[in-house]
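# Overview (structure and organization)
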Amino acid sequence: EAQVTQNPRYLITVTGKKLTVTCSQNMNHEYMSWYRQDPGLGLRQIYYSMNVEVTDKGDVPEGYKVSRKEKRNFPLILESPSPNQTSLYFCASSRTGGASGANVLTFGAGSRLTVL
Amino acid sequence: AQSVTQLDSQVPVFEEAPVELRCNYSSSVSVYLFWYVQYPNQGLQLLLKYLSGSTLVKGINGFEAEFNKSQTSFHLRKPSVHISDTAEYFCAVSDGGGYSTLTFGKGTMLLVSP
């Protein structure tokens, strides 16, 4: 089954304790992206990657890091989490290179993170 | 830069009534437009998309949307809603091309009651 898998789905942590949210897709998609969803703010893009070793900042990158060493994986790293990073996080991927398939994102199920 | 405005944060409606969720966008170039739906405790899934061609686009679950370039709108409609349509709906815009990124609106919560 074609899917984007995120882990963990739920996490409660404390301020300053480094954590990684993993994201993996099995569709050979070039493009991957991380979003955070907050009430009243919709989805805001954190980072995105157009292909292996190519990443760029989205709208709200502060406090986050990413890497893209393999095509299928795009982990989100919070080096020193703070309470304002409490949110629902989504990873998504898509094909690129043409209008017919480009930009149609496949989303993971979400990771709910609470930072105390 | 592109942006999306969803004019209603919440739309309450009775079952079997028609519904319209409004979306306006701004972009300096040609756009691709999307509606995504998020059911409770789930990720987002594509409802429909406009890339080119006919301005009336049909999607899953009986939804449709109409692209209106002069009014820069892409409103979502359904003639008769069901309880199961209760979800949050997101409009999104991309300026096209193989490496464009999507900009999402803030979402509209559709609440269908019996």
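Model, not experiment: these values are computed from the prediction.

### Some words on the state of the cysteines
Residues and elements named next belong to chain A. Under the definition given, this model contains two disulfides over all chains. Here C23 is linked by a disulfide to C91, with a sulfur-sulfur distance of 1.9 Å. The sign of the -75° torsion about the S-S bond sets the C23-C91 disulfide as left-handed. Remark: C91 occurs in strand β9 (residues 87-94) and C23 occurs in strand β3 (residues 19-25); sequence separation between them is 68 residues. According to the relative accessible area criterion, C91 is buried, its value standing at 0%.

### Focus: the layout of surface pockets
Gaps between atoms show up when a probe of the same size as a water molecule is rolled over them. Of the pockets and cavities examined, the largest pocket occupies roughly 490 Å³. If you go around the largest pocket, you meet 27 residues; those closest to its centre are Q37, L88 and R112 of chain A together with Q38 and E88 of chain B. At the level of secondary structure, the elements contributing two or more residues to the lining of the largest pocket comprise β4 (31-38) and β9 of chain A together with β10 (87-94) of chain B. In terms of residue count, β9 of chain A provides more of the lining of the largest pocket than any other element does, three residues in total. Residues that form the lining of the largest pocket fall into these classes: nine nonpolar, twelve polar and six charged.

### Regarding unusual backbone geometry
With omega at 0°, the peptide bond leading from N7 of chain A into P8 of chain A counts as cis. Tracing the chain through its elements places P8 of chain A in the loop between β1 (4-7) and β2 (10-13). Unlike most non-glycine residues, N28 of chain A shows phi in positive territory, near 60°. Its location among the elements puts N28 of chain A in the loop between β3 and β4. Positioned with a positive phi, N61 of chain B is a non-glycine residue whose angle comes to about 60°. Mapped onto the elements of the fold, N61 of chain B is located in the loop between β7 (56-58) and β8 (64-68).

### Details of the environment of I46 of chain A
All names here are of chain A. Within the fold, I46 resides in strand β5 (residues 42-51). Classification of I46 by relative accessible area gives buried; the value is 0%. Linking I46 and C91, residues 45 residues apart in sequence, is a C-alpha distance of 9.9 Å. In contact with I46, other than residues within four places in its own chain, are W34, Y35, R36, K57, G58, D59, V60, P61, Y64, L76 and Y89.

The rules behind each value
- Residues numbered from 1 in each chain as written.
- Chains lettered and ligands numbered in written order.
- Predicted model: local features only at pLDDT ≥ 70, side-chain atom pairs only at ≥ 80, totals over all residues.
- Heavy atoms only, no water.
- Disulfide = S-S within 2.5 Å.
- Helix = DSSP H or I, 4+ residues; strand = E, 2+ residues; numbered from the N terminus.
- Buried < 20%, exposed > 50% of the residue type's maximum accessible area, 1.4 Å probe, protein only.
- 1 Å grid on protein atoms, 1.4 Å probe; cavity = no way out; pocket = protein on both sides within 12 Å on 5 of 7 lines; lining within 4 Å.
- Points joined across faces, edges and corners; volume = space filled by probe spheres on them.
- Nonpolar A, V, L, I, M, F, W, Y, C, P; charged D, E, K, R; others polar.
- Contact = heavy atoms within 4.5 Å.

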